Amino acid sequence: MREAMPPLNPLHVFEITARLGSFTRAAQKLRVTQPAVSRQIQTLENYLGVRLFERDKQGVRLTSIGEQFHQQIAPAFQIIASASANLTATRKIEPLNVRTYTTFASKWLIHRLPSFYVTYPNIKLNITNAVAPVDFEKDNVDLAIQFGNGQWRGAESELLFKDLIQPVCSPKLLEKVRLTEPDDLKKVPMLHSHYRRTDWHDWLAAVHRTDLLSEDGISFSTSILTYQAAVEGVGVAMGQIHLLQNELREGTLVPLFNAPFERRMAHYVVWPKNRPLNRKGRSFLSWLRKSAAEFAKTI
């Protein structure tokens with residue numbers, strides 16, 4: 001059985017031509033040539049087995065059958081156009097969903113957001129925090145900042161910057177305790193972050209002093225709390241140097257022992273592999289690349 005639905009592109013060309021009453025104006029509207037419009041109309045007429053336009057020296061005009069056909073299909077195209085406009089308007093006001101870590105957001109991202117809104121004032125961001133790896137098939141996330149080796153299932157990734165760690169403490173602590181070499185760590189509590197549990201071990205292994213690793217330190221649920229404790233002089237924390245630039249610049253934290261260690265893990269921006277980024281996502285990614293490049297020049 002022959003399908004009742006005619007080819008949609010010729011049908012669309014017919015609706016525009018009938019509404020404008022001219023092959024020439026239809027061609028201009030569609031940004032194609034007049035012969036291309038004529039061929040599409042011919043295709044539709046052949047499919048339907050009727051003549052939709054009369055052609056003479058004065059131009060073209062709808063036949064009675066063509067007029068009736070246009071009156072019947074025009075509302076359908078109006079409904080499609082209206083639905084498309086509503087969808088586009090809705091997408092324009094929907095926020096871009098960005099997931100990151102609390103520490104990355106508070107220590108790096110938030111400081112730079114004013115420049116994003118200067119460049120893209122009409123893009124609304126919805127920033128959420130989570131430690132678990134993003135799952136773009138389940139999570140309502142457009143882009144994410146992830147920490148790892150750059151390999152995530154179902155995701156594209158791009159390096160932002162490496163993970164550089166080094167012990168840090170407050171000048172308040174240095175007024176009380178001399179900390180000039182790793183052996184001096186025996187004098188003070190080591191501050192640990194729950195989600196960065198291997199940092200002290202990794203750094204001590206890099207300086208060949210894992211014998212100094214102590215279980216008597218103080219543990220905190222987040223790096224934010226760990227760093228705040230260090231600022232208050234509670235002990236020595238293993239600092240993510242790239243994320244503590246403000247504290248180091250302002251002097252509320254001081255790097256110790258002149259022995260930074262670059263880990264294999266790093267911060268990446270990731271996005272779904274199986275769906276293209278929309279305009280807002282591409283804009284945020286472009287801004288993030290630029291911000292990371294400018295940041296790299298300062299460290």
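For the structure itself, consult the block above.
The present account deals with the structure reproduced in this document. (Residues numbered from 1 in each chain as written. Predicted model: local features only at pLDDT ≥ 70, side-chain atom pairs only at ≥ 80, totals over all residues. Heavy atoms only, no water.)

### Examining the overall build of the chain
Selection rule: Numbering of helices and strands runs from the N terminus, with a helix taken as a DSSP run of H or I at least four residues long and a strand as a DSSP run of E at least two residues long. In this treatment the radius of gyration is a C-alpha quantity, and the globule benchmark scales as 2.2 Å times the residue count to the 0.38 power. Exposure is judged per residue with a 1.4 Å probe applied to protein chains only, and the accessible area is read against the type maximum: over 50% gives exposed, under 20% gives buried, and values in between give partly exposed. Using the Shrake-Rupley algorithm and a 1.4 Å probe, accessible areas are obtained, with residue cover drawn only from the displayed protein chains.
A count of helices and strands for the chain gives ten helices and eleven strands. The C-alpha radius of gyration computed for the chain amounts to 32 Å, which surpasses the reference 19 Å derived for 299 residues by more than 25%, pointing to a less compact arrangement than a globule. Counting only C-alpha atoms, the chain reaches 100 × 40 × 25 Å along its principal axes. Looking at the 299 residues of the chain, the share that counts as buried comes to 42%. Working note: accessible area of the chain is about 17,200 Å², and carbon and sulfur atoms make up 52% of it.

### Points about helix α7 (residues 199-206)
The test is simple: Note: the arc covers the axis-to-C-beta directions of the helix. The contact criterion used throughout is that any non-hydrogen atoms of two residues lie within 4.5 Å.
Along α7, the residues classified as buried are D199, W200, W203 and L204. Within α7, the buried residues cover an arc of 120° as seen down the axis, which keeps them to one side. Packed against the buried residues of α7 are β6 (155-169), β7 (190-193), β9 (236-240) and β11 (261-272). Following α7 by one or two positions, H208 has its phi on the positive side, about 60°.

### A word on the pattern of salt bridges
So the rule is basically this: One speaks of a salt bridge when a side-chain nitrogen belonging to Lys or Arg is within 4 Å of a carboxyl oxygen belonging to Asp or Glu.
With the rule as written, the count across this model stands at 16 salt bridges. For the salt bridge of E247 with K107, the shortest nitrogen-to-oxygen distance reads 2.4 Å. Of this pair, E247 sits in helix α9 (residues 245-250) while K107 sits in helix α5 (residues 102-119), and the two are 140 residues apart along the sequence. Per residue, the accessibility class of E247 equals that of K107, and both read buried.

### So, the layout of surface pockets
Just so we agree on the cut-off: Residues are called lining when one of their atoms sits within 4 Å of a cavity or pocket point, these points coming from a 1 Å grid over the protein atoms alone, where a cavity is a set in which a 1.4 Å probe fits but cannot get out and a pocket is an open set with protein on both sides within 12 Å along at least five of seven lines. Grid points are joined across faces, edges and corners, and a volume is the space filled by probe spheres set on the points. Gly falls in the polar group here, along with every residue not listed as nonpolar (Ala, Val, Leu, Ile, Met, Phe, Trp, Tyr, Cys, Pro) or charged (Asp, Glu, Lys, Arg).
Computed from the structure, the largest pocket encloses a volume of approximately 550 Å³. Together, 26 residues line the largest pocket, and Y101, V131, F147, Y195 and R196 are the ones closest to its centre. Of all elements in the fold, only α5, β5 (143-148) and β11 reach the threshold of two or more residues within the lining of the largest pocket. A breakdown of the residues in the lining of the largest pocket according to their chemical character gives ten nonpolar, twelve polar and four charged.

### With respect to unusual backbone geometry
Trans peptide bonds make up the majority, and among non-glycine residues the majority have a negative phi. A positive phi angle is found at R31, which is not glycine, with a value near 60°. Summarising the element assignment, R31 is placed in the loop between α2 (23-30) and α3 (34-48). Using a relative accessible area of 79% as the deciding quantity, one classes R31 as exposed. One non-glycine residue, F257, adopts positive backbone phi at about 70°.

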